Structures are given as C-alpha cells and as structure tokens.
Amino acid sequence: MQFRDLATQYNVLKEEIDRNIQSVLNNHAFINGKEVKQLETELAQYVGVKHCVACASGTDALILPLMAWGIGAGDAVFAPDFTYFASINCAMLRGATPILVDIDKRTFNMSPAALDKAIEAVIAEGKLVPKVIIPVDLFGLPAEHDSIQKIADKYNMKVLEDGAQGFGGNINGIRACSFGDAASTSFFPAKPLGCYGDGGAIFTNNDELAVALRSMRMQGSSPQDKYDNITIGLNSRLDTLQAAILLPKLHALVEHELNDVNEVAKRYTKALNGYVKTPCIPSGYSSSWAQYTILLKDKTERDGLQQYLKSKGIPSMIYYPRGMHQQSALKTLRSGMGEFPNTQNAVASCLSLPMGPYLNITEQDDVVNSVLTFLGA
Ligand SMILES: *Cc1c(COP(=O)(O)O)cnc(C)c1O
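Residues numbered from 1 in each chain as written. Predicted model: local features only at pLDDT ≥ 70, side-chain atom pairs only at ≥ 80, totals over all residues. Heavy atoms only, no water.

Chemist: Before we move on, can you summarise empty space enclosed by the protein with the specific residues and values?
Modeler: Summed over the entire model, instances satisfying the criterion amount to three cavities of 30 Å³ or more. In this model, the largest cavity occupies a volume close to 140 Å³. For the largest cavity, the lining is made up of 18 residues, of which R4, K191, P192, E257 and P357 are closest to its centre. Broken down by secondary-structure element, the contributors of at least two residues to the lining of the largest cavity are α1 (6–27) and α8 (240–272). (1 Å grid on protein atoms, 1.4 Å probe; cavity = no way out; pocket = protein on both sides within 12 Å on 5 of 7 lines; lining within 4 Å. Points joined across faces, edges and corners; volume = space filled by probe spheres on them. Helix = DSSP H or I, 4+ residues; strand = E, 2+ residues; numbered from the N terminus.)

Spelled out as structure tokens, the structure:
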C-alpha cells in the first residue's frame, strides 16, 4: 500500500500527461511556454482570484510576496507553531522575526485567540512591528480565515495564506488560496495538486502586487525590457513541462478527485470515530485532505500503532514530530517564545494514515481494521 498513491493516478491520466509532455518536447518552449499561461489562467479562475503567478516552489510562493511587501529586519511575521518549516523559513530568509502561534486543538490550525494575544505581546514589548500573518491550511483544511482577517484589519497587517496543503478546500464555497492579501500553494508531488518535481503558485486580487511578483520571479526584470532590472528578485519560474503535467491533474482534481478523497475521509471517520480522535471539519468548511491525521491517547499508543501498522505493511507518517518552537534553527529565538500546549499534544499523539483519491475500498478497510485491532476495539 502507498501512503499517497501517485502511481495509480499516473496510470489513469497517463495518455493525457504523456501527450502533454511530448507536446512540450516538440515545441521546446521549456521556460514560459504557453502551458504556463494556460495553467495560471485556469488556476486563477478555479480559485476565484484575478491573478495567479506560477513560480518554482511553494516556498518561493511564500518568499516572493514577503519580498514584494518589503518585509525584513524589525518586522514580526506570525505563523502557526504546528506546520511545515517553509511557513517560518520564508520570514527568516527575509531577516524578519517569526512569531509562533499555538494551534486550535480540534482543527490543528492557527488559533485566532492565540494570534491576537501574540500580536498584543509584540506590540507591548515594542521591539518589532507586527506586519504579516501567515495562516496555514494544514492537512487540507482552510484556516479560520474570517477571524484571522478581522484581526489583521484591527492591527493593519497583511495576510499571506499558506495554501500549500489547502488547494481544493473551501469555506462556504469560497476556495482556499483566495484568502488574505495573497495566497501561496505548492505543487510538490504529494500535495493535493502535485506536479512531477517542484513548483508553486501565488494568488492575489491586487494588480500591483501581481506585476511586482511577475518581475520578482525573473530577477526583478522590467515587464517592458527583460534586460532592465527594476528591482531585486529570484529566478523562480514554473517549468513548462510541470505546467503541462499539472493541467490534466487539475482537471482530474476538480472533476472527481476532490469528491473521491472526501468519500475516503467519510468512510475513515465513520469507522474510527469514538476509537481515536478523527479530524474535525467545522461546519461550512471543506477539506482537500492533504493528510488524514488522527490523534491517539498519547505518544505510547501512537508509536505502538505506527509500529503495528508497519508490521501489517501499512505506511503511516508523523506530521509533524516537532513544533516550530522545537527547531534547532530557531534556537536563538527560543527564549520567551511562550507555551504551545496544543502543538505539544499534537506532536506527541498525531498519526497520518494512508490517504488520497485513489485509495481503494480494500485498502481503506485494511487500514481501518488494523487500527481497530491494535486498539482492541
Ligand atoms: C509543502 C509546504 C510548503 C512548501 O512547499 P514546497 O513546494 O515544498 O516548497 C509550504 N508550506 C506548507 C504548509 C507545506 O506543506
């Protein structure tokens, strides 16, 4: 059994993917080919924003907006403690100070109450200026964007939605990657919309920001004159090949994969609810199920279950084994970082089960039965 079955997806979409790859090889427009433009147009339309700017990774999709906003030394950037390191790394690369925020223990997403408190504390201390909030749509579930936007408005801050795992989810029909001043996503192969390498995209309704991002992904070049550099930037473009691969994958995601993966989640939750803590999807929210993450009683039970599943040939992952406040790279920032009880609980007892739109019924039953057998249920 695969943890996330990319092989079956490729077999299903093989004809179209192979044809698109061959077409790029025939046209040899490997950078900025027409498939990139088409993908950007389709992504913007699906998400429901004016602009999509494709780039080289989900990490760059976080760095580029921070660059465009001039975020740097002396600025505070708020992000959840329980996330992938890129959500924090982007702020550190800019020389800004990341301020970690504890999560909501039910959803694993940034707690708006803890965020408000953390901003107040930074203001009271008077050393840093609160500038940006980076809510993460963890495991595919959109963050509490309504409450977070209200907080951003109150303190006159920008919001950068980290939708690397969130693409395909929505809140009352408003799609992930459309929240905040800008949003990022990742096309890392195992994400809800993945390519066959690295890739990412930024979404925004702001015309000026879109122009700046397009320049900054090309070394800061002028839109009129490629050899006149109007600002400082990265070399961060999405390969035409990856765009050509993503087009049929986007269509499959929209046409059936999101439904299929939600069916898997429904079956998992129905079978496991009451025996483990199953994922909480608040009313009005829809997840794209980047991960299906359960909570066990404690670390002993979690580690035991993972070992047992392994003995049955079932892969599982600990997303994540430590909070950002426990990262070695943040050692010097550690003192005075505060407490993160909900992250602590999650890192000790979380386990992500095999998941994806191509996980068949036999595999799902296998996972469920093994979990229940281990728990003596
Ligand atoms: C994967 C991921 C990223 C980074 O994406 P890459 O394409 O790997 O650079 C950023 N944030 C979160 C939450 C992620 O899961």
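Chemist: Just give me the short version of the layout of surface pockets, but keep the residues and values in it.
Modeler: A volume near 490 Å³ is recorded for the largest pocket. Taken together, 27 residues form the lining of the largest pocket, with Y84, Q165, S186, F188 and K191 sitting closest to its centre. For the lining of the largest pocket, the elements supplying multiple residues, two or more each, are α3 (58–68), α4 (86–93) and β8 (182–186). The greatest single-element share of the lining of the largest pocket, amounting to three residues, is contributed by α3. Residues of the lining of the largest pocket, tallied by class, amount to 13 nonpolar, ten polar and four charged. (Nonpolar A, V, L, I, M, F, W, Y, C, P; charged D, E, K, R; others polar.)

Chemist: Pulling in residues and values, what's your account of the site of the ligand?
Modeler: Taken together, 14 residues form the shell around the ligand, and within it T59, D162, Q165, S186 and K191 come nearest. Between the ligand and Q165, the relevant distance is 2.7 Å, taken from an oxygen atom to a side-chain nitrogen or oxygen of the residue. Considering the ligand on its own, with 380 Å² of exposed area, one finds that the protein chains cover 94% of that surface. Counting atoms within 2 Å of the grid points, the majority share of the ligand lands in the largest pocket. Sorting the residues of the shell around the ligand by element identifies α3 and α4 as the ones contributing at least two each. (Near = heavy atom within 4 Å. Polar contact = N/O pair within 3.5 Å; in protein donor to acceptor, adjacent residues only side chain to side chain. Areas by Shrake-Rupley, 256 points an atom, 1.4 Å probe, with all protein chains shown as cover. Sits in = over half its atoms within 2 Å of the grid points.)

Chemist: Please set out the sheet that holds strand β10 (residues 285–286) residue by residue, giving values where relevant.
Modeler: Taken in spatial order, the three strands line up as β7-β6-β10 in an open sheet, and their pairing is antiparallel. Either end of the sheet is taken by a strand with one partner, and the two such strands are β7 (174–175) and β10. Pairing of strand β6 (residues 170–171) with β7, which is carried by two bridges, proceeds in the antiparallel orientation. Paired with I171 across the two strands is I174, which belongs to β7. (Pairing = 2+ DSSP bridges.)

Chemist: Please set out the packing of α1 against α8 residue by residue, giving values where relevant.
Modeler: For the pair α1 and α8, interaxial distance at closest approach is 9 Å and the crossing angle is 145°. For the element pair α1 and α8, the recorded crossing hand is right-handed. Judged by residue contacts, Q9, L13, E16, I17, N20, I21 and V24 of α1 engage T240, L241, A244, I245, L247, P248, K249, H251, A252 and E257 from α8. (Axes fitted to C-alpha atoms, helices over the stretch in contact; angles between N-to-C directions. Left-handed = near helix turned anticlockwise from the far one by under 90°. Contact = heavy atoms within 4.5 Å.)

Chemist: So what's going on with unusual backbone geometry? Which residues, and what values?
Modeler: Residue Y320 follows Y319 across a cis peptide bond; omega there is 5°. Along the chain, the position of Y320 falls in the loop between α9 (299–311) and α10 (341–349). The backbone of H28 sits at a positive phi, close to 35°, despite the residue not being glycine. The topology assignment puts H28 in the loop between α1 and α2 (34–47). We classify H28 as exposed; its relative accessible area is 55%. In this structure, N32 is a non-glycine residue whose phi angle is positive, near 55°. Mapped onto the secondary structure, N32 falls in the loop between α1 and α2. (Buried < 20%, exposed > 50% of the residue type's maximum accessible area, 1.4 Å probe, protein only.)

Chemist: So, the side chain of Q364: which residues are in play, and what are the values?
Modeler: Looking at where Q364 falls in the secondary structure, it is placed in helix α11 (residues 361–374). Residue class for Q364 comes out buried when judged on its relative accessible area of 5%. Each residue touching Q364, except ones within four places of it in the same chain, is listed here: V264, R267, Y268 and L359.

Chemist: Before we move on, can you summarise α2 with the specific residues and values?
Modeler: With 14 residues, α2 should reach 20 Å at 1.5 Å per residue; the first-to-last C-alpha distance of 20 Å fits that figure. Residues of α2 that are buried include every one of E35, V36, L39, E40, L43, A44, Y46 and V47, and no others. Relative to the axis of α2, the buried residues are bounded by an arc of 165° and lie together on one face. With respect to the buried face of α2, the exposed residues turned more than 90 degrees away are K34 and Q45. If you follow the buried residues of α2, they end up packed against α1, β1 (51–55), β7, β9 (200–204), α7 (207–216) and α8. (Expected span 1.5 Å × (residues − 1). Arc of directions from axis to C-beta.)

Chemist: Outline the pattern of salt bridges, supporting the account with residue identities and numerical values.
Modeler: When the charged atoms of two side chains with opposite charge come close together, those side chains can pair. This model, assessed by the stated rule, comprises 15 salt bridges. A salt bridge links E40 to R217; the nearest nitrogen and oxygen atoms lie 2.9 Å apart. With E40 in helix α2 and R217 in the loop between α7 and α8, this residue pair connects regions lying 177 residues apart in the sequence. Its relative accessible area of 3% is what places E40 among the buried residues. (Salt bridge = Lys/Arg side-chain N within 4 Å of Asp/Glu carboxyl O.)

Chemist: Go over the pairing of strand β3 (residues 97–101), please, and point to the residues and values.
Modeler: Counting buried residues along β3, five of its five residues qualify, which places the element largely inside the surrounding structure. On β3, burial covers both faces: T97, I99 and V101 on one face and P98 and L100 on the other are all buried. With α4 bridging strand β2 (residues 75–80) and the parallel β3, this β-α-β connection has right-handed handedness. (Right-handed = clockwise from strand over helix to strand, strands pointing away.)

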